[in-house]
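Architecture at a glance
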Amino acid sequence: MKYNEDARLDTSEVQDTRGSRLPSSRGGQAALGGGGLGVVGLLVVLLVNVLGGGGKGVDLGSVLGGLGQGSGGPVTADNSQVQQECKTGADANAKSDCAAVADIDSIQAYWKAELPKLGKQYVAVPTVWFSGQVSTGCGAATSDSGPFYCPTDKRVYIDLTFYEDLQKQFGAEGGLFVNAYVLAHEYGHHVQDLLGIESQVRTRQGPTSDSVRLELQADCFAGVWAKHATEPGADGSPALIAEITTDDFDRALDAASRIGDDWIQKNLGGGTVQQDKFTHGSSAQRKKWLTTGYQTGDPNSCDTFSASDLG
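Values in this document were obtained by computation on a predicted structure and should not be read as measured data.

Turning to unusual backbone geometry, a few remarks are in order. With phi around 55°, Lys154 is a residue other than glycine that occupies positive phi space. With respect to the secondary-structure elements, Lys154 resides in the loop between β6 (148-150) and β7 (155-158). On the basis of relative accessibility, which here comes to 34%, the residue Lys154 falls in the partly exposed class.

Structure (structure tokens):
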């Protein structure tokens, strides 16, 4: 994946609370997504522990706090370093953090233009970059929670070291487009929130549960964005993303194959696949719905709640 080197980046859509330098090279409601891609997410951390996989020192008290109703203290952000170092697409091609800025800009620009076609106005929300732990409107969370969207305070949260964890702990191939997929999935949850879909979720576990359908739809929404990511903006401005290759998408499918409930249960849990514990969908389902969004480029193709066969 490559970024348009002359494109301008808008760092106002990021709230950097880490207080550390940018790398010089690439490298009230329940929080939605269970960590978004479900990789080391809130629900997945619980799943791994319940199935005997071990939590790698995870404090379940803090994890449960992230799933409950929380007041969430104010976030103190300092974007000065990001503003200085992330100005253009050329910076995104050189620095992984700047690439994340470009991804967020691109994702939100797409939904700002697209959501009115679905009858809703898009409301831009920031992504909070944190390190170690963070207080949110959905409760306290740690880096072990993985990326997630909090509908209470309308923010996406991510510790950017998660991208390394995805490769090291799950063996994913990784890459810039995989990183973008992570964020696009979380913003998919924000779109669901705006459309009123999230508030209708009732069943939280099982192969056809509302939770599974919610996650698969967020994957599909991520694919829809990716289909249009290289197109000019609604105002004719050049796309932030210049190229997404077949290899890029194959890497995203590789990541999707490693974050299904069945893969996690088998490889990180007790080794036994228990469909009644599913919260995010199987590996095959996640690949199917990401592909559906990418092939069609149509949010209407992502109606997992009406689908009789999830794949």
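As a further point, take the sheet that holds β7. Taken in spatial order, the four strands of this open sheet run β2-β3-β7-β6, and their pairing is mixed. Looking at the sheet topology across the chains shown, the edges are occupied by β2 (14-16) and β6. For this sheet the average axis-to-axis angle between neighbouring strands, irrespective of direction, equals 25°. Along the sheet, helix α7 (residues 176-195) contacts β3 (127-129), β6 and β7; its crossing angle with β6, the most-contacted strand, is approximately 25°.

Let us now look at the packing of α7 against helix α9 (residues 246-257). Two numbers describe how α7 lies on α9: the axes approach to 8 Å, and their chain directions differ by 55°. Classified by the angle their axes make, α7 and α9 are oblique. Regarding α7 and α9, the two cross each other, and that crossing is right-handed. Where α7 approaches α9, its residues Phe177, Val178 and Tyr181 are matched on the opposing element by Asp248, Phe249, Arg251, Ala252, Ala255 and Ala256. The residue makeup of the contact of α7 with α9, split by class, is seven nonpolar, no polar and two charged.

Quick look at the pairing of strand β5 (residues 139-142) now. Bridge count for strand β4 (residues 133-136) against β5 is four bridges, and the pairing is antiparallel. From the neighbouring strand, Val134 faces β5, where its bridge partner is Ala141. Where β4 hands over to β5, the hairpin turn is made up of two residues, counted between the paired strands.

Looking at the secondary structure, you find Asp262 in helix α10 (residues 261-268). Classification of Asp262 as partly exposed rests on a relative accessible area of 23%. Sequence-distant contacts of Asp262, that is, excluding residues within four places in its chain, are made with Val273, Phe278, Ser282 and Ser283. Among the polar contacts listed, one links the side chain of Asp262 to the backbone nitrogen of Ser283, at a separation of 3.0 Å.

In protein structure, a disulfide is the covalent linkage between the sulfur atoms of two cysteines. Taken as a whole and assessed by the stated rule, the structure comprises three disulfides. What pairs with Cys86 in a disulfide is Cys98, and their sulfur atoms sit 2.0 Å apart. Handedness of the Cys86-Cys98 disulfide follows from its S-S torsion of about -80°: it is left-handed. Here Cys98 lies in helix α5 (residues 96-114) and Cys86 lies in the loop between α3 (80-85) and α4 (89-94), a separation of twelve residues in the sequence. Here Cys98 falls in the buried class, since its relative accessible area comes to 0%. The disulfide partner of Cys138 is Cys150, and the S-S distance across this bridge is 2.2 Å.

Reading the values: the criteria
- Residues numbered from 1 in each chain as written.
- Predicted model: local features only at pLDDT ≥ 70, side-chain atom pairs only at ≥ 80, totals over all residues.
- Heavy atoms only, no water.
- Helix = DSSP H or I, 4+ residues; strand = E, 2+ residues; numbered from the N terminus.
- Buried < 20%, exposed > 50% of the residue type's maximum accessible area, 1.4 Å probe, protein only.
- Pairing = 2+ DSSP bridges.
- Axes fitted to C-alpha atoms, helices over the stretch in contact; angles between N-to-C directions.
- Contact = heavy atoms within 4.5 Å.
- Parallel < 35°, antiparallel > 145°, perpendicular 65-115°, else oblique.
- Left-handed = near helix turned anticlockwise from the far one by under 90°.
- Nonpolar A, V, L, I, M, F, W, Y, C, P; charged D, E, K, R; others polar.
- Polar contact = N/O pair within 3.5 Å; in protein donor to acceptor, adjacent residues only side chain to side chain.
- Disulfide = S-S within 2.5 Å.

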